[in-house]
Amino acid sequence: MQAKTLLVALAGIFAAVPVVAGEAGSPSKVNAMLCETEAQAISLASELSAGKTEPIAVNEVNKAAGSEVCGRFIGYAVVEVEKTKNQSGALFMLAGLRFAEDGRLGWTASWITPFDGLSVARGI
């Protein structure tokens, strides 16, 4: 009984192992706000972090670009690129998603709460 439980546990662990670098993962269902470039995704994340609602933030970024560059994507995609970027002292997590339907790359960004040094007592 213990051997069977161990085998099931190991099978679960190996099934959860991420895809080996260099291999393309299978597309998964995505419901995300994506933009055409990293800079636009960062602008959208900045607008959202400033307290604007999603429709207003998207409208601001699209207006600045002069065309529709950000929008809601519901479909199948693979995460192709993941990285962090520091822009003007703010840290953003970026992900580039490759669309299964047409092969285009879309970007999403999340603003990371900055370190609040004022709340840390030093030298005590």
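Summarised in this report is the structure supplied together with it. Model, not experiment: these values are computed from the prediction. (Residues numbered from 1 in each chain as written. Predicted model: local features only at pLDDT ≥ 70, side-chain atom pairs only at ≥ 80, totals over all residues. Heavy atoms only, no water.)

### Looking at the overall build of the chain
Alright, step 1. Of regular secondary structure, the chain possesses three helices and four strands.
Alright, step 2. Reading the chain from its N end, one meets helices and strands in the order α-β-α-α-β-β-β.
Alright, step 3. The proportion of buried residues among the 124 residues of the chain is 24%.
Alright, step 4. At a minimum sequence separation of 6, the contacts of the chain that also span at least 24 residues come to 50%.
Alright, step 5. On the chain, roughly 8,600 Å² of surface is accessible, and the fraction owed to carbon and sulfur atoms is 59%. (Helix = DSSP H or I, 4+ residues; strand = E, 2+ residues; numbered from the N terminus. Buried < 20%, exposed > 50% of the residue type's maximum accessible area, 1.4 Å probe, protein only. Contact = heavy atoms within 4.5 Å. Areas by Shrake-Rupley, 256 points an atom, 1.4 Å probe, with all protein chains shown as cover.)

### Overview of the packing of helix H2 (residues 38-49) against helix H3 (residues 54-65)
Alright, step 1. Viewed as axis vectors pointing N to C, H2 and H3 meet at an angle of 140°, and their least axial separation amounts to 9 Å. The orientation of H2 with respect to H3, classified from their angle, is oblique. For H2 against H3, the interelement crossing comes out right-handed. Taking contact as the criterion, the partners of Gln40, Ser43, Leu44, Glu47 and Leu48 in H2 are, on H3, Glu54, Ala57, Val58, Glu60, Val61 and Ala65.
Alright, step 2. Of the residues contributing to the contact of H2 with H3, the split by class is six nonpolar, two polar and three charged. (Axes fitted to C-alpha atoms, helices over the stretch in contact; angles between N-to-C directions. Parallel < 35°, antiparallel > 145°, perpendicular 65-115°, else oblique. Left-handed = near helix turned anticlockwise from the far one by under 90°. Nonpolar A, V, L, I, M, F, W, Y, C, P; charged D, E, K, R; others polar.)

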